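Results of the structural survey
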Amino acid sequence: SETYDRQLADIFAVQDEIAQTIVNTLEMDYIGHSEVPVEKKQETSIEAYNLYLQGIQFQTNRDKVGMEKALTFFKQTIEKDPNYALAYVGVANTNLLMSDYGYKNYDESLPIAEMNANKALKLSPNSAEVYTSLAFVSLIKKEDPQITEKYFKKAITLNPNYATAQHWYSDFLKLVIKDQKAAYKYASKAYELDPLSPIVA
């Protein structure tokens, strides 16, 4: 019931402040607490964050025009904030998705994706989004499935509530490992986390 009157530019700090207030008020530990060190939420300008969110929205459509727009927004995000790791993840994932859907050639998209995923890793080494992107790159490179799975498991350990990690790990289990039961388990978890996502559904 508290009221927070802040500048919009401080939105990330306000999010953290509200979360901490709730935890302190309820005298509880963070949900999903583990021994894994939690990375401080990466901050950026509200303008860069808005561009990033638009990129995510267009990427979700999975059509060629939408994904081309997504790339434009992610690149604009990087221009505004060259240290915002999630924008590089966006570029990496969108390039691979475009090839996955037949809009680009993997020979063209894979080097771009790998470069951007590695850049994101340097900027944010404890990010579930980054490790999910690295898993996608590993999958397309046809690396040892154990390497790919290691990336997915790391992503889910870092953030078990990241629906994309659960969703793509499910696809990996279904198509590569051929474990339909486990694939269903992770697909169900992804749907539970993000029931409004058309691609997860």
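The structure displayed is predicted, hence computed values, not measured ones.

Rules used in this analysis
Residues numbered from 1 in each chain as written. Predicted model: local features only at pLDDT ≥ 70, side-chain atom pairs only at ≥ 80, totals over all residues. Heavy atoms only, no water. Helix = DSSP H or I, 4+ residues; strand = E, 2+ residues; numbered from the N terminus. Buried < 20%, exposed > 50% of the residue type's maximum accessible area, 1.4 Å probe, protein only. Contact = heavy atoms within 4.5 Å. Areas by Shrake-Rupley, 256 points an atom, 1.4 Å probe, with all protein chains shown as cover. Core = buried A, V, L, I, M, F, W, Y, C linked by side-chain atoms within 4.5 Å.

Moving on: the overall build of the protein chain. Along its length, the protein chain carries nine helices and zero strands. Secondary structure of the protein chain in N-to-C order comes out as α-α-α-α-α-α-α-α-α. Classification of the 201 residues of the protein chain by burial places 38% in the buried group. Taking the intrachain contacts of the protein chain between residues at least 6 apart in sequence as the baseline, contacts between residues at least 24 apart amount to 55%. If you sum the accessible surface of the protein chain, you get close to 11800 Å²; carbon and sulfur atoms cover 53% of it.

A few words on the side chain of Thr 148. As for its placement among the helices and strands, Thr 148 is situated in helix 7 (residues 145-158). If sequence neighbours within four positions are ignored, Thr 148 has contacts with Ala 135, Ser 138, Leu 139, Glu 143 and Phe 172.

Grouped together as the largest cluster of nonpolar side chains are 42 residues, with contacts concentrated most on Leu 96, Ala 120, Phe 136, Val 137, Phe 152, Tyr 169 and Leu 173. Of all the secondary-structure elements, those providing two or more residues to this core are helix 3 (64-80), helix 4 (85-100), helix 5 (106-123), helix 6 (128-140), helix 7, helix 8 (163-177) and helix 9 (180-193). Tallying contributions element by element places helix 4 first for this core, with 10 residues. When neighbours within four sequence positions are excluded, Phe 152 is seen to be in contact with Thr 132, Ala 135, Ala 165, Trp 168, Tyr 169 and Phe 172.

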